[in-house]
Amino acid sequence: MKHFLIYTNKMKDRDLQTARRIRDFLQLKGQRATVRVNEGDWKDRVAADTDEIPEDIPGDADCMIVLGGDGTVLQAARETKRLHIPMIGVNLGSLGYLTEIEPANLEQALERLIAGDYEQESRMMLNGKAQLADGRVEEGWALNDIVISRSGSLQIIKFCIYVNGQFLNHYNADGMIVTTPTGSTGYNLSAGGPLIEPKAKLIMLTPICPHSLNQRSIILSSEDVIEIEIPLGRGGRLQTVEASFDGCHVIPLKTGERVRIVKSEKITEFIKLNQVSFLEVLHKKMQE
């Protein structure tokens, strides 16, 4: 018998119809099933990102079925990062790069999960630690990306980038995206960054609307240590920005503060039912 965690987004799964459909099917097949409801309103965007596991997430779950879109998958990955529960997404959203199961094929997919007819794929995560002026250190994790963007007026932000303690470059831009290969299909793609095979091990920096013709994405080793410092802006003005982890957890930063970003020791395990390559999925998405 397997213990399945059904992680559903209440905003996408109205009246929990799909969650109940999955739970009832699994129980009919003699499996254990626990439902965890995410309200989907992101009220805790500025709350601390910790290793604490929500009380309604069982530590002995063998598989997590995530109902929603890519945002729900990212939230589930962050909340369960210490448990390493293999997950698979059911697409209740629109695009769904991170979800594999369509509702029409749900029962067939569940049969394969029960039978163990699947493969697992490991994805790297990022860890960011913000060094604040008052001596505090705030921490966050991301499966997709860490985005540094302005929080005040619509002015260009200046960033100083260091890699392994060595100054690399300064950027004048609307923001900076530090992304994993998994996150290359997210904000990075919208900002003009390249697409990367999700199983790759690397970190990419992509500026958002850079105010220069020669400032483009930079691809670094997954072992590199990246530091982004917030210096004084144009005319010596103070700058205020936000570091956003997968669009959820937010850490405010200002001039003189910096965030240190490295590959996390934590990973996310995805369950793969389809023997479809990343290029095939990409081709299909490009036709939509």
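Remember, it's a predicted structure, so these values are computed and weren't measured experimentally.

1. Things to note about the sheet that holds strand β15 (residues 249–254)
One open sheet accounts for six strands, arranged β12-β11-β10-β7-β14-β15; its pairing is antiparallel. Edge positions in the open sheet fall to β12 (218–221) and β15, since each of these has one partner strand only. On average, each strand axis in the sheet is inclined to that of its neighbour by 20 degrees, with strand direction left out of account. With five bridges joining them, strand β10 (residues 175–179) and strand β11 (residues 202–208) adopt antiparallel strand pairing. From the neighbouring strand, V178 faces β11, where its bridge partner is L205.

2. As for the side chain of Q31
Looking at the element boundaries, Q31 is found in the loop between α1 (17–28) and β2 (32–38). Look at Q31 and you get buried, because its relative accessible area is 12%. A polar side-chain atom of Q31 sits 2.9 Å from the main-chain amide nitrogen of K2.

3. Focus on the nonpolar core
It is characteristic of soluble globular proteins that their nonpolar side chains tend to be buried jointly. Grouped together as the largest cluster of nonpolar side chains are 27 residues, with contacts concentrated most on I148, F159, I228 and L253. At four residues, the largest contribution of residues to this core is made by strand β8 (residues 157–163). Apart from the residues within four sequence positions on either side, F159 is in contact with I148, N169, H170, Y171, A173, G175, M176, I228, E229, I230 and P231. Core analysis: the next-biggest nonpolar cluster, separate from the first, contains 21 residues, L26, L67, L113 and I271 among them.

4. A short note on the confidence of the model for the protein
In this model, the protein carries a mean pLDDT of 88, and residues with pLDDT of at least 70 account for 90%. When mean pLDDT is taken per element in the protein, strand β13 (residues 226–229) scores highest with 98 and helix α5 (residues 278–286) scores lowest with 68. In the model, residues 42–47 has pLDDT below 50 throughout and makes twelve contacts with residues more than four positions away in sequence or in other chains.

5. Looking at the pattern of salt bridges
Applying the stated criterion across every chain, the model contains 18 salt bridges. In this structure, K272 and E100 form a salt bridge, with 3.7 Å as the shortest nitrogen-oxygen distance. In this pair, K272 is assigned in strand β16 (residues 258–272) and E100 in the loop between β4 (87–91) and α3 (106–115), connecting sequence segments 172 residues apart. K272 sits in the partly exposed class, given a relative accessible area of 23%. Each of E121, R123, E197 and K199 takes part in one network of salt bridges that share partners.

6. A short note on the pairing of strand β14 (residues 240–245)
Inspection of the sheet shows strand β7 (residues 145–150) paired to β14 by five bridges, in the antiparallel sense. Within β14, the residue paired with I146 across the bridge is F245. In the sheet, β14 pairs with β15 via six bridges, with the strands oriented antiparallel. Note that in β15 the partner of E242 across the bridge is P252. In this structure, the hairpin formed by β14 and β15 is closed by a connection of three residues, where D246 is found at a positive phi of approximately 55 degrees.

Parameters at a glance
Residues numbered from 1 in each chain as written. Predicted model: local features only at pLDDT ≥ 70, side-chain atom pairs only at ≥ 80, totals over all residues. Heavy atoms only, no water. Pairing = 2+ DSSP bridges. Helix = DSSP H or I, 4+ residues; strand = E, 2+ residues; numbered from the N terminus. Axes fitted to C-alpha atoms, helices over the stretch in contact; angles between N-to-C directions. Buried < 20%, exposed > 50% of the residue type's maximum accessible area, 1.4 Å probe, protein only. Polar contact = N/O pair within 3.5 Å; in protein donor to acceptor, adjacent residues only side chain to side chain. Core = buried A, V, L, I, M, F, W, Y, C linked by side-chain atoms within 4.5 Å. Contact = heavy atoms within 4.5 Å. pLDDT = per-residue confidence, 0-100. Salt bridge = Lys/Arg side-chain N within 4 Å of Asp/Glu carboxyl O.

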